[in-house]
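# What the coordinates show
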Amino acid sequence: MERTEDLIELCLLIGKMMMQNGAETYRVEDTMTRIAQSFGRDEAQSYVTPTGIVFTISPGAPAKLVRISDRATNLEKVKLANNVSRNITSGDMSIQEAYKELRKIETSPTDYTMLMQIIAATLASGFFSIMFEGSWYDFLPACIAGGLGFIALINFIRLFEIKFVAEFIASLMIGFTAFSLFSLGIGEEVDKVVVGAVMPLVPGLLITNAVRDLMAGHLISGLAKGAEAFLTAFAIGAGIAVMFSLF
């Protein structure tokens, strides 16, 4: 590829990586244009949404599109991509070196292991129940309900293409476990147990990014992320509501 095409591929790759791993829309656009400007392409333009990126090196040049189908939260990869961006703009990395480094970051296993995620969700659920003014008697049932709910989420999300179905089933599991333990005399306040247990499912980063994008003027991205966060919250609330009605 010639140098211009190399630059386009580099900008699209870093933009895709950042969007897939939880970066804000305005940060992705800014990173891509700064990289292009560091190589003398001052008229480069990018248009980023949660599901795709359009980039052109200049207003008269053909635009290139990259599709974003999978999105997760991995701020470690966002940080590493930002480090590469800084090295590019400071002149410490060439286009080819940066591209190879980004490919390495993209394929690197920087995610926490499944066991670590389950342990973290389990303990977080218990401590969230304490934070929401539950007693220490609610700590154990919140840990159990939150851990089982998170296990249900990561397993069912592989079976259903629509993640909201998996989140609904996970909240059903949390509600069922919490109410079952409460009926056996384990725990004092079932509402504190439920609230603590669902917290690992709450899309906190998505809500934050939606607000920040709206404040930065990225209305389409902000509304899209806000709608996704609303659907996740609705799925969680619906699952718990079903268990409340049954018990």
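Residues numbered from 1 in each chain as written. Predicted model: local features only at pLDDT ≥ 70, side-chain atom pairs only at ≥ 80, totals over all residues. Heavy atoms only, no water.

### What to know about the overall build of the protein
Of regular secondary structure, the protein possesses ten helices and three strands. Along the protein, helices (α) and strands (β) appear in the sequence α-α-β-β-β-α-α-α-α-α-α-α-α when read from the amino end. Each of the three principal axes of the protein carries a C-alpha extent, and together these read 70 × 30 × 30 Å. Residues classed as buried in the protein amount to 44% of the 247 residues present. Relative to all contacts within the protein whose residues are 6 or more apart in sequence, the contacts with residues 24 or more apart total 63%. When the accessible area of the protein is evaluated, it comes to approximately 13,100 Å², of which 63% is carbon and sulfur surface. The average position of the 19 basic charges and that of the 25 acidic charges among the side chains of the protein differ by 5 Å. (Helix = DSSP H or I, 4+ residues; strand = E, 2+ residues; numbered from the N terminus. Buried < 20%, exposed > 50% of the residue type's maximum accessible area, 1.4 Å probe, protein only. Contact = heavy atoms within 4.5 Å. Areas by Shrake-Rupley, 256 points an atom, 1.4 Å probe, with all protein chains shown as cover. Lys, Arg positive; Asp, Glu negative; His and termini not counted. Charge placed at Lys NZ, Arg CZ, Asp CG, Glu CD.)

### Points about the environment of Leu-102
Here Leu-102 lies in helix α4 (residues 95–107). Separated by 85 residues in sequence, Leu-102 and Met-17 place their C-alpha atoms 8.4 Å apart. Sequence-distant contacts of Leu-102, that is, excluding residues within four places in its chain, are made with Leu-10, Leu-13, Ile-14, Met-17, Ala-81 and Val-84.

### Concerning a nonpolar patch on the surface
A grouping of Leu-115, Ile-119, Leu-123, Phe-127 and Trp-136 is seen on the molecular surface, where their side chains present a nonpolar patch of about 560 Å² in accessible area. Topologically, Trp-136 is positioned in the loop between α5 (114–131) and α6 (139–156). (Patch = residues over 30% accessible without salt bridge, like charges linked within 9 Å, V, L, I, M, F, W, Y side chains within 5 Å. Salt bridge = Lys/Arg side-chain N within 4 Å of Asp/Glu carboxyl O.)

### Some points on the pattern of salt bridges
Overall, the coordinates contain eleven salt bridges when judged by the stated rule. Notably, a salt bridge pairs Lys-163 with Glu-228, separated by 3.0 Å at the nearest N-O pair. With a gap of 65 residues between them, Lys-163 in helix α7 (residues 163–183) and Glu-228 in helix α10 (residues 219–246) connect regions that are remote in the sequence. By relative accessible area, Lys-163 is classed as partly exposed at 27%. Between Lys-192 and Glu-189 there is a salt bridge; the shortest N-O distance is 3.5 Å. Accessibility expressed as a relative area gives 30% for Glu-189, which makes it partly exposed.

### Examining the domain arrangement of the protein
When its domains are assigned, the protein resolves into domain 1 (2–107) and domain 2 (114–246). The C-alpha centroid of domain 2 is placed 33 Å from the C-alpha centroid of domain 1. Listed per partner, the contact involves 15 residues of domain 1 and eleven residues of domain 2. Interface area for domain 1 against domain 2, summed over the two sides, is near 950 Å², with a carbon-plus-sulfur share of 51%. Of all residues in domain 1, Glu-24, Tyr-26 and Pro-50 give up the largest surface area on contact with domain 2, accounting jointly for 45% of the area buried on that side. Summed over the shared surface of domain 1 and domain 2, the number is two salt bridges. For the salt bridge of Glu-24 with Arg-212, the shortest nitrogen-to-oxygen distance reads 2.8 Å. One can count eight residue pairs in polar contact (both at pLDDT 80 or more) joining domain 1 with domain 2. (Domains from an automatic or database assignment. Buried area = accessible area lost by both parts, 1.4 Å probe. Polar contact = N/O pair within 3.5 Å; in protein donor to acceptor, adjacent residues only side chain to side chain.)

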